[in-house]
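Take a look at the letters that make up each chain.
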Amino acid sequence: MLLTIDCGNTNTVFSIWDGTAFLATWRTSTEWQRTADQYYVWLSTLMEFQKLDVEITDVIISSTVPRVVFNLRVLCDRYFNCRPYVVGKADCMLPAPPRVDEGTQIGPDRLVNTAGAYDRCGGDLIVVDFGTATTFDVVDTDGAYVGGVIAPGVNLSLEALHSAAAALPHVDITKPQAVVGTNTVACMQSGVFWGYVGLVREICARIKAERARDMRVISTGGLAPLFQQTEKLFDDFQDDLTMHGLTVIHRFNKENN
Ligand SMILES: Nc1ncnc2c1ncn2[C@@H]1O[C@H](COP(=O)(O)OP(=O)(O)OP(=O)(O)O)[C@@H](O)[C@H]1O
Ligand SMILES: CC(C)(CO)[C@@H](O)C(=O)NCCC(=O)O
Ligand SMILES: [K+]
């Protein structure tokens with residue numbers, strides 16, 4: 001059984017893949033101080049709760065936070081008796097090597113999204129991931145990651161307003177009733193919501209123009225459906241895209257080793 005781990009800057013997601021389907025998915029906050037023993041107590045409790053009596057034999061990790069990888073490696077060694085594949089490390093191959101400036105450290109989540117989206121949809125894609133940051137990953141015809149765009153995340157933008165301006169409260173994102181807000185919260189939600197609709201539309205249009213071709217836009221991340229409500233910004237939404245990408249990269253390494 002394969003354990004897939006996606007560590008973002010905010011949340012870490014664990015899924016169990018039986019070769020055909022994900023049997024379970026659990027989410028925890030990302031904290032580099034969390035030890036292997038803590039991970040294991042948490043994981044085994046949830047597995048027991050869901051009556052999942054499976055043996056984990058393989059692990060693949062994508063981490064945008066380098067520090068958490070150490071304790072996850074200890075988890076694999078101590079409790080699963082295996083050596084994990086870590087996306088971005090030399091001993092973890094990618095189905096299609098990225099084409100970017102030399103020395104660039106591409107976020108592993110973006111490489112994983114690229115592999116997952118290409119596997120499901122073929123080439124010439126834009127993958128939009130609404131995580132801590134909002135990323136646009138451009139997938140070439142042959143499935144290679146060839147660059148993209150990094151914008152501040154939706155929640156990060158709202159947090160930035162709150163932390164920089166004394167009179168601006170903490171606000172959760174939602175689709176505002178109107179563009180013109182008649183109270184502080186509505187004004188902030190409008191700025192971020194409609195600002196993001198424009199940002200997504202403009203960036204996708206410019207990517208397609210720059211590459212002089214039509215491209216399918218695939219979205220992932222918890223907030224994507226909220227933005228799809230107003231107009232068709234994305235051709236498809238795939239909630240499990242990052243996890244799917246991890247299974248694709250894992251299979252590729254198994255088959256080519
Ligand atoms: N309607 C909503 N309003 C506010 N938050 C939402 C809504 N829908 C989903 N979310 C939250 O958005 C977040 C999206 O999760 P996702 O895994 O895409 O990114 P993340 O965990 O925030 O970032 P990262 O992967 O960079 O750690 C989750 O925390 C989820 O609870
Ligand atoms: C942009 C984030 C933070 C999105 O999770 C992550 O992919 C990352 O840390 N990237 C490193 C830089 C890059 O992708 O070019
Ligand atoms: K993510």
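Owing to the predicted nature of the structure, the values given are computational and were not obtained by experimental measurement. (Residues numbered from 1 in each chain as written. Chains lettered and ligands numbered in written order. Predicted model: local features only at pLDDT ≥ 70, side-chain atom pairs only at ≥ 80, totals over all residues. Heavy atoms only, no water.)

1. Some details on helix α5 (residues 184–211)
Short version of the rule: For helices the rule is a DSSP run of H or I covering at least 4 residues; for strands it is a run of E covering at least 2, with both sets numbered from the N terminus onward. One fewer than the residue count of a helix, multiplied by 1.5 Å, yields its expected span. Each residue's exposure class comes from its accessible area (1.4 Å probe, protein chains only) as a fraction of the maximum for that residue type: buried when under 20%, exposed when over 50%, partly exposed otherwise. Residue contacts are defined here by distance: any two heavy atoms, one from each residue, within 4.5 Å place the two residues in contact.
An ideal rise of 1.5 Å per residue puts 40 Å on 28 residues; α5 measures up with 40 Å between its terminal C-alpha atoms. Burial in α5 covers these residues: Ala186, Met188, Gln189, Ser190, Val192, Phe193, Tyr196, Val197, Val200, Ile203, Cys204 and Ile207. Those residues of α5 that are buried are in contact with β6 (125–130), β7 (133–139), β8 (145–152), α4 (154–164), β9 (216–220) and α6 (224–228). Downstream of α5 by one or two residues, Ala212 has phi in the positive range, about 50 degrees.

2. Let's talk about the site of ligand 1
What counts is decided by this rule: Only heavy atoms are used to decide nearness, and a residue is near a molecule or strand if one of them lies within 4 Å of it. Polar contact criterion, stated in full: a pair of N or O atoms within 3.5 Å, where within protein one must be able to donate a hydrogen and the other to accept it, and residues adjacent in sequence count only if both atoms are side-chain atoms. Only the protein chains shown count as cover for residues, and all accessible areas are computed by the Shrake-Rupley method using a 1.4 Å probe. In the scheme used here, Gly and all other residues not listed as nonpolar or charged are polar, with Ala, Val, Leu, Ile, Met, Phe, Trp, Tyr, Cys and Pro taken as nonpolar and Asp, Glu, Lys and Arg as charged. Domain ranges listed in this record stem from an automatic or a database domain assignment.
Looking at ligand 1, the residues that line it are Gly8, Asn9, Thr10, Asn11, Arg27, Phe130, Gly131, Thr132, Ile173, Gly221, Gly222 and Leu223. One nitrogen or oxygen atom from the main chain of Thr10 is found 2.8 Å from an oxygen atom belonging to ligand 1. Asn11 has a polar backbone atom sitting 2.7 Å from an oxygen atom of ligand 1. Protein contacts shield 64% of the accessible area of ligand 1, which totals 620 Å² for the unbound molecule. The residue makeup of the shell around ligand 1, split by class, is 3 nonpolar, 8 polar and 1 charged. Each of domain 1 (2–112 + 244–255) and domain 2 (123–239) gives at least three residues to the shell around ligand 1.

3. Focus on the UniProt feature "binding site: K(+)" (unreviewed entry) in the chain
Here is the rule we go by: UniProt positions are given in the numbering used here, feature names are shortened, and annotations may be inferred rather than shown by experiment.
Cross-referencing UniProt, the feature "binding site: K(+)" (unreviewed entry) maps to Asp129 in the present numbering. Tracing the backbone shows Asp129 in strand β6. In contact with Asp129, not counting residues within four places along its chain, are Asn113, Thr134, Thr135, Thr220, Gly221 and Thr242.

4. Some words on the UniProt feature "active site" (unreviewed entry) in the chain
Those residues carrying the UniProt feature "active site" (unreviewed entry) are Asp109 in this numbering. Discounting chain neighbours no more than four positions away, the residues touching Asp109 are Ser62 and Thr64.

5. Overview of the sheet that holds strand β10 (residues 236–237)
Note the cut-off: DSSP-based pairing: two strands are paired if at least 2 bridges between them are found. Structural elements are reduced to axes, namely lines fitted to C-alpha atoms, with helices fitted over the stretch in contact, and the angle between N-to-C directions of any two is expressed from 0 to 180 degrees.
Strand order in the open sheet formed by 5 strands is β8-β7-β6-β9-β10, with mixed pairing between adjacent strands. Of all strands in the sheet, those bounded by a partner on one side alone are β8 and β10. As judged from the 5 bridges shared by β6 and β9, these two strands associate in the parallel manner. Bridge pairing in β9 places Leu125 opposite Arg216. Running at roughly 50 degrees to β7, helix α3 (residues 108–121) makes contact with β6, β7, β8 and β9 of the sheet. Sitting on the sheet, α5 is in contact with β6, β7, β8 and β9, with an inclination near 20 degrees to β7.

6. As for the sheet that holds strand β3 (residues 22–29)
Ordered by their spatial adjacency, 5 strands build an open sheet running β3-β2-β1-β4-β5, and the pairing between neighbours is mixed. Looking along the sheet, the strands with just one partner apiece sit at the ends: β3 and β5 (85–86). Pairing of strand β1 (residues 2–7) with strand β4 (residues 58–63), which is carried by 6 bridges, proceeds in the parallel orientation. Its bridge partner being in β4, Asp6 is matched across the sheet by Ser62. Against the sheet, helix α7 (residues 241–255) makes contact with β1, β2 (11–17), β3, β4 and β5, and its axis sits at roughly 125 degrees relative to β1, the strand it touches most.

7. What to know about the site of ligand 2
Every residue lining ligand 2 is accounted for by Asn9, Thr64, Gln105, Ile106, Gly107, Asp109, Arg110, Thr135 and Ile150. The contact in question runs from an oxygen atom of ligand 2 to an N or O atom on the backbone of Gly107, over 2.7 Å. Between an oxygen atom of ligand 2 and a side-chain N or O atom of Arg110, the distance comes to 2.9 Å. Within the shell around ligand 2, the residues separate by chemical class into 2 nonpolar, 5 polar and 2 charged.

8. Describing the pattern of salt bridges
Side chains that differ in sign of charge can pair as their charged atoms come close. To be explicit about the condition: Note on definitions: salt bridges are taken to be side-chain nitrogens of Lys or Arg within 4 Å of carboxyl oxygens of Asp or Glu.
Going through the model one piece at a time under the given rule, you end up with 15 salt bridges. Across the pair Arg34 and Glu31 runs a salt bridge whose closest N-O atoms are separated by 3.6 Å. A relative accessible area of 37% places Glu31 in the partly exposed class. The partner of Arg213 in a salt bridge is Asp124, and the shortest N-O contact between them spans 2.9 Å. A residue pair is termed long-range when its members are at least 10 positions apart, and Arg213 in the loop between α5 and β9 and Asp124 in the loop between α3 and β6 qualify at 89 residues. The structure contains a network of salt bridges with shared partners spanning Arg99, Asp124, Asp140, Asp142, Arg211 and Arg213.

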